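Each chain, written out:
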Amino acid sequence: MICPKHGGNSRIPDGFSGALLACESVRDGAVILHGPTGCRGLHGAMSDRFFPRLDAGKQLNYAERFYFSQSRIPTTYLDGDDYVFGGREKLTQAIALVAKHNAALVTVINSPGAALIGDDLKRCATEAAPFTPCATIEMPMLSHPFAAGYQQGVISILEALSPKPQPHIPKTVVLVGLSIAHQYWSGSIEELRRLLELCGIEVLCAIGAGSATDEYQRIPQASCYAVIHDEYADCVVPWLERQYGGMIAASNSGAPVGFSATMEWITAVAHAVHSDPTPAISDIQDRRRQVSRMIDRASSYTEALKGTTFAVQSDPSFALPLAQWLFQYLGMLPVSVETPDFYSTDAAAKLKTWLEGIGCGDVWQKPWRMADPEILFADGQEVLQARFGNKCGGIEVAFPSGRVIDIVPKSMLGTLGGAWLVESILREVRWVLWT
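Along each chain, residue indices are assigned from 1 in the same order as the chain's sequence is written. Local features in this predicted model are restricted to residues of pLDDT 70 or higher, and side-chain atom pairs are both shown and tallied only at a pLDDT of 80 or more, whereas totals for entire chains, interfaces and linings draw on every residue. Processing note: side-chain calculations cover all non-hydrogen atoms of the structure and skip hydrogens and water entirely.

A.B. asks: Would you explain the overall build of the protein chain in this entry?
C.D. replies: Along the protein chain, the regular secondary structure elements total 17 helices and eleven strands. The size measure is the radius of gyration over C-alpha atoms, and the globule rule it meets is 2.2 Å times the number of residues to the 0.38 power. Scaling as 2.2 N^0.38, a compact globule of 435 residues should have a C-alpha radius of gyration of about 22 Å, and the protein chain matches this with 22 Å. Principal-axis analysis of the C-alpha atoms places the extent of the protein chain at approximately 65 × 50 × 40 Å. Only protein chains enter the area calculation, which uses a 1.4 Å probe; residues under 20% of their type maximum are buried, those over 50% are exposed, and those in between are partly exposed. Burial status across the protein chain gives 57% buried among its 435 residues. Excluding contacts between residues fewer than 6 apart, the proportion of contacts in the protein chain whose partners are at least 24 apart in sequence is 75%. Residues scored as positive are Lys and Arg, those scored as negative are Asp and Glu, and His as well as the terminal groups of each chain are ignored. Charge positions come from single atoms, namely NZ of Lys, CZ of Arg, CG of Asp or CD of Glu. Treating the 36 positive side-chain charges of the protein chain as one cloud and the 45 negative ones as another, the clouds have centres 4 Å apart. Helix numbering and strand numbering both begin at the N terminus, where a helix is a DSSP run of H or I of at least 4 residues and a strand a DSSP run of E of at least 2. Contact between two residues is taken to exist if any of their heavy atoms lie within 4.5 Å; hydrogens are not considered.

A.B. asks: Even after reading the chapter, I still don't get the sheet that holds strand E9 (residues 333–338), so can you show me in this structure?
C.D. replies: What links the strands of a sheet is backbone hydrogen bonding, and the strands pair in either a parallel or an antiparallel sense. One open sheet accounts for four strands, arranged E9-E8-E10-E11; its pairing is parallel. With one partner strand each, in any of the chains shown, E9 and strand E11 (393–398) form the two edges of the open sheet. Pairwise comparison of adjacent strand axes, ignoring direction, gives a mean angle of 15 degrees for this sheet. Only strands joined by at least two bridges in the DSSP assignment are considered to pair. In this analysis an axis means a line fitted to C-alpha atoms, helices contributing only their contacting stretch, and an angle means the value between N-to-C directions, from 0 to 180 degrees.

A.B. asks: I would appreciate a short explanation of the environment of Trp185 in the present structure.
C.D. replies: With respect to the helices and strands, the residue Trp185 is situated in helix H7 (residues 185–198). Once the C-alpha coordinates of Trp185 and Asp14 are considered, the two residues, 171 residues apart in sequence, prove to be 19 Å apart. In this view, Trp185 contacts Phe50, Phe51, Leu178, Ser179, Ile180, Ala209 and Gly210; residues no more than four positions away in its chain are not counted.

A.B. asks: Would you take a moment to explain the packing of helix H6 (residues 146–161) against helix H9 (residues 236–244) for this structure?
C.D. replies: How two helices sit against one another is set out by the angle between their axes and by the gap between those axes. Two elements in contact, H6 and H9, have axes whose closest approach is 10 Å; the angle formed by their N-to-C orientations is 20 degrees. Here H6 lies roughly parallel to H9, going by the angle between them. Note on element contacts: H9 touches H6 through Val236, Trp239 and Leu240, opposite Gln151, Val154, Ile155, Leu158 and Glu159. In terms of residue class, the contact of H6 with H9 is made up of six nonpolar, one polar and one charged. For classification purposes, an angle smaller than 35 degrees is called roughly parallel, one larger than 145 roughly antiparallel, one from 65 to 115 roughly perpendicular, and anything else oblique. Residues are grouped as follows: nonpolar covers Ala, Val, Leu, Ile, Met, Phe, Trp, Tyr, Cys and Pro; charged covers Asp, Glu, Lys and Arg; every other residue, Gly included, is treated as polar.

A.B. asks: Just checking my understanding: could you explain helix H2 (residues 41–50) for this structure?
C.D. replies: The α-helix winds at 3.6 residues per turn, so residues separated by three or four positions along the chain end up facing the same way. By the burial criterion, the buried members of H2 are His43, Gly44, Met46, Ser47 and Phe50. Buried residues in H2, looked at end-on, bunch into an arc of 165 degrees, giving them a common side. Here, the arc refers to the directions that run from the helix axis to the C-beta atoms.

A.B. asks: Looking at this structure, how should I read the environment of Ser292?
C.D. replies: Its location among the elements puts Ser292 in helix H11 (residues 278–297). A relative accessible area of 28% places Ser292 in the partly exposed class. Spatially, the C-alpha atom of Ser292 lies 43 Å from that of Leu158, the residues being 134 residues apart in sequence.

A.B. asks: It is not clear to me how the nonpolar core should be interpreted in this structure. Could you clarify?
C.D. replies: Nonpolar side chains in soluble globular proteins tend to be buried together. With 113 residues, the main nonpolar core has Leu240, Phe377 and Ile425 as its most contacted residues. With near-sequence residues (within four places) excluded, Leu240 lies in contact with Leu158, Val176, Ile207, Ile219, Tyr225 and Gly245. If you look at the next biggest cluster of nonpolar residues, it comprises 20 residues, including Val98, Val108, Leu121 and Ala129. By nonpolar core we mean a set of buried residues, namely Ala, Val, Leu, Ile, Met, Phe, Trp, Tyr and Cys, connected to one another through side-chain atoms within 4.5 Å.

See the structure below:
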């Protein structure tokens, strides 16, 4: 489903999709959609694309009832009679079947229509799988932002697993605010983990981003909650703080995109846990020098890079550091910066002020199709349209289309993410020049 509140013509899914994908992000968990079959096909495909967990040979294991040969997000396939008399019997049977697959956490989410029936999800779960933790979402956040629904899903996971309070361990953090819908989320976690380890900081869990239930149980031990994307953390972090205490670390520059923003993020987290950020900063500076040499060798394209126009369509916490980095580090010129109008965050305000300060205030919330950029940074479907409809270069930053097969792990964040972005931008400039 598409969120109607998102600015422009974006096809970003809504909060219902966000809740489903958040619960699908638990590595050893399983999600049941209580609703008709039509609601699950797209979501199952997205989950499998964003967070593949099974090889093709195992697909035959899911020819059972409720799965329809698709391993992700089994559904109770409600019909007209169920909407009149209730779908409790189907739901109980589905929970029991899914629990048999040794899921460490089962999540049951009502479709918008099923939410009107009034089936008692918690009671069904208790009866069908009394020894398996079960999260339930009675009323999904339909027509809310994807990130809001994602946080609803994450909080339902935390409530179901209910990690017991434990003493805080010094120099430990939990990563909050990254989703499996972000491009290269897994590689980004490993990159941030690597940088933090240079500072003597241990990452206990990445909430909502591929962690298993045993990692969730370690959350109360963390002395700090390190915020990556504020839009995916501004409800989860207060919940964690109320339950377990702990420090909150966030960068004023938004997510760790590019070299400068990554240094600010690492510094903020290191200071929060009383650690020295110098080793990580030194690593970032070494990588920046390496990338500078790469740029020098590609001089025939870097000359064209200066003044290249770009558009960004993303959340404020990503758009702010990306736009600043492209302008200040690579000399590129913003012609369109779109962020969802339902995010009135500090990052959005800073981004608008910064654009006005460089004389580009008119590009704020200007649709990229009206700006004719040379490179677009947006979700997968927007980039596909830009490349093949507008003959514009494009880099996918979220909701990857699956157009490119990636074998070598990549990162969008941190120093490796900065290097990958430069490499990708140079390739797109070359593609634009040739077309």
